[in-house]
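# Topology and contacts: notes
Here is how the chains run, residue by residue.
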Amino acid sequence: MDPQPLNEPTPSAAQDAEPASAFASGAPTDAAATGFAPRTDLSALTGQVEAVRQQIGQVIVGQQDLLELLLVALLADGHVLLEGVPGVAKTLTAKLLARTLAVPFSRIQFTPDLMPADVLGTSIFRPTQGDFEFRPGPIFASVVLIDEINRAPAKTQSALFEVMEERTVTQDGTAHHMATPFVVLATQNPVEQEGTYRLPEAQLDRFLFKLNVGYPTLAEEVQILQGHHSGFGGTPLEKVKPVLSAQDLAALRQQVGQQRVEANVLEYIAKIVGQTRAHKALYLGASPRASLALLNGAKALAALRGRDFVTPEDVQTLAAPVLRHRIMLTPEREMEGGTPDDVVKAIVQSVEVPR
Amino acid sequence: MRKANTKRLGRVQGPWGHLGLLLLLGWLLAAPALGAPRPPRQWRALADTASAPPLPADATAQAPIRRPAAERLRELRGQRELQYVEGTGAPEGAGFLARLMAWLWRWLAPVFNTKGGRVAWDIIFYGLMGATLLFAVLKLLQVDLTKVFGRAPRALPLAYETGQENIHELNFADALAQAEAAGNLRLAVRLGYLQLLKQLTDRDFIAWQPDKTNQAYLRELAASQPTARPAFAELTRQFEYAWYGELPVSAALYQQVRESQRQFGQQLSGAGRAAHLA
């Protein structure tokens, strides 16, 4: 049993108003007329998100699920880790998303010799004043693209712990606060690739989603080739314009935060995450931060789907992106060829949907 | 350092080297014809016998035959230490397990002590060894033994942590009446929706499973009874707004929803069973 595909919207009244022979019931199909309509006006949210989607869609072919989840993370105020083999447009997608937002953007290329100060910044002595001045590093931006994050060793990774969770950088006893929004979009190649390190668990836990970027379909790849052949591939970034300001995003996030979540759905989230801590195939289960991530993500996804409440479908859809990087398989399960996604799927199937 | 080593080596090699050479020389001289093929061992034995002087036959001396006394023989036979035939019973004071094993062996011994029994035992033993080896090889190769005979393994029942109401056991009429009487109309909407899910399951339009979401059932229904999907999608939406969305349901709204649910249920009754699942 798989959750609803991301691009299949929740059936709305208008969508299902097609003629049906035997079952053309007297059920009213106008959502507002029945009284079953969102109590919050989500039209601004869906409209602005659609504008972002359109901008990115000018360049990126396919990857609709990826784009949808990136937007969910943006609305849920979460960081995203994009994993995929080289050449599947991970970096391009992240750059395009950043470009649609009218906020400061920075890019850090992680290399094996990168030091924490190269990321966070450092204090410089000013001889004339006789004191130290803090020079902010490239992390001080609203959207930070960390390319090839797993090519830097653990020492540099640990520099990100504080800033990713607390949105502050403490240097020489002074806490420097990040601007709002602050989103880290990191890309990495699979760990099996040469010259990469496994990210520390504490850091992985700070990513809202880990999204696997796959290969395009045949039709999508042909479309990519056609676009490139006709000169489209020259400067794709210039086509994309900023459509969402920091204030707009803050307002949308506030709206997402007000989504309704029924008590049984909260319990459903807790049960799914709790099962990861007792599963025999797992060496490390997910933390309560994972429960919060699942909740926040589900609220954002529900809003994107035009609902002002969360359903178990939203939770199921996001279970794998939220949990796959937070759990560790036992060596036996790894040797058997099991994957975290398999275990998450089994866990979701073992918990009853509240209804 | 190198010099010291050389000196030490010289000291060791001097007398021992000479002794070794002398020993080697002695061995070469003592060897009768080094390199010549030696005769086989039996021939050498015969040759030694032939060269020895023959001894005269001892015809006079008769070895006396000594026999133990009959009394002593009886005494020895009576001693437990000299009785080499194992008893089939358990020794005195043995535990339950030892007595059980002894009984089992007493029962099996006549079977395996025959010639046929020994052959059977050999077959069983080597058969088990072969099967163990085969199992180990197949396990190492990760071959799914359950598929050897062409049948996929049956999915095990899911270990659900908690069970809510079983829709197949719930008395919907009573539960609905109670919810309506209590004014809990959100619950009444939910019960009406669960009743529809039961009807859909009974008619094989959907396959009820506690981990499936409403959208999963909608997709199943779209495959089994496409014409029923739009109406059921609307009812699903109403249920989700009322239950997950915690939308207050007024009496008028409830009447509307309940009527839609009844209508769908009646239409479902006349729809027959799903052809692809029945």
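Residues numbered from 1 in each chain as written. Chains lettered and ligands numbered in written order. Predicted model: local features only at pLDDT ≥ 70, side-chain atom pairs only at ≥ 80, totals over all residues. Heavy atoms only, no water.

### So, the overall build of chain B
Filter applied, for reference: Under the scheme used here, helices are H or I runs from DSSP no shorter than 4 residues and strands are E runs no shorter than 2 residues, and both carry numbers assigned from the N terminus. Two residues form a contact once any of their heavy atoms are found within 4.5 Å. Accessibility throughout is a Shrake-Rupley quantity obtained with a 1.4 Å probe, and a residue counts as covered only by protein chains that appear here.
Per the secondary structure count, chain B includes ten helices and zero strands. Expressed as a percentage of contacts within chain B between residues at least 6 apart in sequence, the contacts between residues at least 24 apart total 58%. About 20,600 Å² of surface is accessible on chain B, with carbon and sulfur atoms providing 63% of the total.

### Quick look at the nonpolar core
Operational definition: To form a nonpolar core, buried Ala, Val, Leu, Ile, Met, Phe, Trp, Tyr and Cys residues must be joined to one another through side-chain atoms within 4.5 Å. We call a residue buried when its accessible area falls under 20% of the maximum for its residue type, exposed when it is over 50%, and partly exposed in between, using a 1.4 Å probe and counting protein chains only.
Judged by nonpolar contacts, the single largest core of 112 residues is most densely connected at Leu75, Leu185, Phe209, Val315 and Leu318 of chain A together with Phe232 and Phe264 of chain B. Considering each element in turn, this core owes the most residues, ten residues, to helix α12 (residues 288-304) of chain A. When residues no more than four places from it in sequence are discounted, the contact partners of leucine 185 of chain A are Leu70, Val80, Ala94, Leu97, Val143, Val144, Leu145 and Ile146 of chain A. Ranked by size, the runner-up nonpolar core spans 24 residues in total, among them Ile108, Leu114, Ile139 and Phe207 of chain A.

### A short note on the pattern of salt bridges
All names here are of chain A. The cut-off we apply is this: A side-chain nitrogen of Lys or Arg and a carboxyl oxygen of Asp or Glu constitute a salt bridge if their distance falls within 4 Å.
For the structure shown, the criterion picks out 27 salt bridges over all chains. Arginine 126 is the salt-bridge partner of aspartate 131, the closest N and O atoms lying 3.1 Å from each other. Taking the relative accessible area as the measure of exposure, aspartate 131 reaches 29% and is therefore partly exposed. On the basis of relative accessibility, which here comes to 25%, the residue arginine 126 falls in the partly exposed class. Between glutamate 165 and arginine 289 there is a salt bridge, with its nearest N and O atoms 3.3 Å apart. One end of the pair, glutamate 165, is in helix α7 (residues 160-166); the other, arginine 289, is in helix α12, with 124 residues separating them in the sequence.

### Remarks on the pairing of strand β10 (residues 207-212) of chain A
Residues and elements named next belong to chain A. This is how it is decided: Any two strands are treated as partners once DSSP identifies two or more bridges connecting them.
Most of β10 sits out of view: five of its six residues are buried. Both strand β1 (residues 79-83) and β10 contribute to a ladder of five bridges, which runs parallel. Each residue of the ladder has a partner; that of histidine 79, found in β10, is phenylalanine 207.

### Section: the confidence of the model for chain A
Residues and elements named next belong to chain A. Here is the rule we go by: Residue-level confidence of the predictor is summarised by pLDDT, bounded by 0 at the bottom and 100 at the top.
Across chain A, pLDDT averages 86, with 88% of residues at or above 70. Counting interchain partners and residues more than four positions distant, the pLDDT-below-50 stretch residues 7-21 has 33 contacts. Segment residues 24-28 is flagged for pLDDT under 50; beyond a separation of four residues in sequence, or across chains, it makes twelve contacts in the model.

### What to know about the confidence of the model for chain B
Residue and element names in this part refer to chain B. Overall, the prediction assigns chain B a mean pLDDT of 76, with 71% of residues at 70 or greater. Here residues 1-12 is modelled with pLDDT under 50, and outside its nearest four sequence neighbours on either side it reaches one contact, counting other chains as well. Every residue in residues 151-162 scores below 50 in pLDDT, and together they form 21 contacts with partners more than four places removed in sequence or on other chains. Interface confidence in the predicted complex, given as ipTM, is 0.81; pTM for the same model is 0.69.

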